[in-house]
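One-letter residues, chain by chain:
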Amino acid sequence: MAYSEVVKNFNCIRDYMREFYVYGFKSRNEYTRKSGRSYDDERRRLESWLGDYMQFRQTQDGKNVFISIDSRISRHNPLYKAWKAKSFTDGDITLHFILMDIFASAEQALNINEITAEVDRYVSAFSEPRIFDVSTVRKKLKEYVTEGILVTEKQGKVLYYRTIEENTLPDADMLDYFSEIAPCGVIGSFLLDKQSKHKEMFAFKHHYITGAIDSEIVCLLFMAMSEKKTITMETINRRNDCVLEKAVVPLRIMDSVQSGRQYLMAYFPMYNRISSFRIDNIISVKINEESPQFDELREKLNGMLPYMWGISTQGRSGQRMEHVEFTVHYNDYEQHIHKRLERERRCGTVEKIDNNTSRFTADIFDASEMIPWIRTFICRITDIHFSDSELENQFRGDIEKMYQMYGLEGGERI
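Residues numbered from 1 in each chain as written. Predicted model: local features only at pLDDT ≥ 70, side-chain atom pairs only at ≥ 80, totals over all residues. Heavy atoms only, no water.

## Description of the sheet that holds strand 3 (residues 110-111)
(1) Moving on: Spatially, 3-5-4 is the arrangement adopted by the three strands of the open sheet, whose pairing is antiparallel. The sheet is open, and its two edges are formed by strand 3 and strand 4 (150-155), each paired on a single side.
(2) Moving on: Bridge count for strand 4 against strand 5 (residues 158-163) is six bridges, and the pairing is antiparallel. The residue bridging Thr-152 from the neighbouring strand is Tyr-161, located in strand 5.
(3) Moving on: Most of the contacts of helix 5 (residues 134-147) go to strand 4, to which it runs at about 110 degrees, and overall it touches strand 4 and strand 5. (Pairing = 2+ DSSP bridges. Helix = DSSP H or I, 4+ residues; strand = E, 2+ residues; numbered from the N terminus. Contact = heavy atoms within 4.5 Å. Axes fitted to C-alpha atoms, helices over the stretch in contact; angles between N-to-C directions.)

Okay, here's the thing in structure tokens:
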């Protein structure tokens, strides 16, 4: 069977792109989920889209292929190319161009019989014409109506089809920006393909591109939320490849400003609580019926946001709320430290005690989420306190180990 670069099942490509780009360490022999032939086919498919970004490293275990993208140079997300390759049959592509040509020259809306007659006239020019029956044509027209390519109108009892009026494309600069920073930015990328070449205005220091792989999942989640509906989703535990089905009410999508990772905040009836789910661990979404609780649950989540440092809605200590407080001391020429605390405080408060000392306090659900941020102030922290004593002991223990590592046993202690 000949290799083809078009895609039938995007979930398969999604897995390989994540393995190559996010992890990028498995050789052909190590990739055991599928056969070696499948590995080769998917690798060649990725190379056809991302050849300029594909690299390999030879190790003792074999050749490791990976994707390497310098976001300082690539202004547009190259992973969007995967969404622009879709499988089709000979009949699909033939009927597509015939229908597009019919509607391009049509001066008025056409009904199914008129369209089918025109299709027959087109194919009759071939020595061995392919016949498209009314049912096939109707299904294709219905698909195009769903996709927004055609619109319908009734004249009496007869349904007529016509092309949608061309809308003015958004400003190219706006599309440049939207396509790279917004969820489902691939939509902006498709629109950019219709634009003439223009001078690009934006470059991104922190360019989180892996969300492109999850665009279909994110789009379905947005649709469910806009319609206030429940969903059934399949999630995977990547440690043991276990797939679980979960029924939830999707409420909000949150992006990490540190990693670019996307999370779904949803009400999980099984545990009667609002929880977070990594979107890159969601492998399918099915939209169900409308949720009568949606507005109430969304309001509840909005009330929780002022007490969330990240995406956690419950701390390790089991307390409803955890308190964090630390004091930093800095030199006269380091006033930017206080400004940084003000800028990055999120749901906390900052108090300037004197010209060289500031105190940060916060009451949040899960204080452990703050640890990586608090660590960036080490060497300036003069006092720190967590209501979760176990977390405080762990933090102080980590500092103690650092002192020992650098031979600072006799130095100051927090």
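## A short note on the packing of helix 4 (residues 112-123) against helix 5
(1) Moving on: As a packed pair, helix 4 and helix 5 sit with axes 10 Å apart at the nearest point and diverge in direction by 110 degrees. Taken together, helix 4 and helix 5 sit at an angle that is classed as roughly perpendicular. Here helix 4 and helix 5 pass one another in a crossing that is right-handed. Taking contact as the criterion, the partners of Ile-112, Ile-115 and Thr-116 in helix 4 are, on helix 5, Val-134, Val-137, Arg-138 and Leu-141.
(2) Moving on: Within the contact of helix 4 with helix 5, the residues separate by chemical class into five nonpolar, one polar and one charged. (Parallel < 35°, antiparallel > 145°, perpendicular 65-115°, else oblique. Left-handed = near helix turned anticlockwise from the far one by under 90°. Nonpolar A, V, L, I, M, F, W, Y, C, P; charged D, E, K, R; others polar.)

## Considerations on the packing of aromatic side chains
(1) Moving on: Within this structure, the stated rule accounts for 13 aromatic pairs.
(2) Moving on: With a centroid separation of 5.3 Å and an interplanar angle of 50 degrees, the aromatic rings of Tyr-177 and Phe-202 are classed as tilted. Remark: Phe-202 occurs in the loop between helix 7 (186-192) and helix 8 (215-226) and Tyr-177 occurs in helix 6 (residues 172-181); sequence separation between them is 25 residues.
(3) Moving on: An aromatic cluster is defined as three or more aromatic residues linked by ring pairs; in this entry it consists of Trp-309, Phe-326, Phe-360, Trp-373 and Phe-377. (Phe/Tyr/Trp six-rings, centres within 6.5 Å; stacked < 30°, edge-to-face > 60°.)

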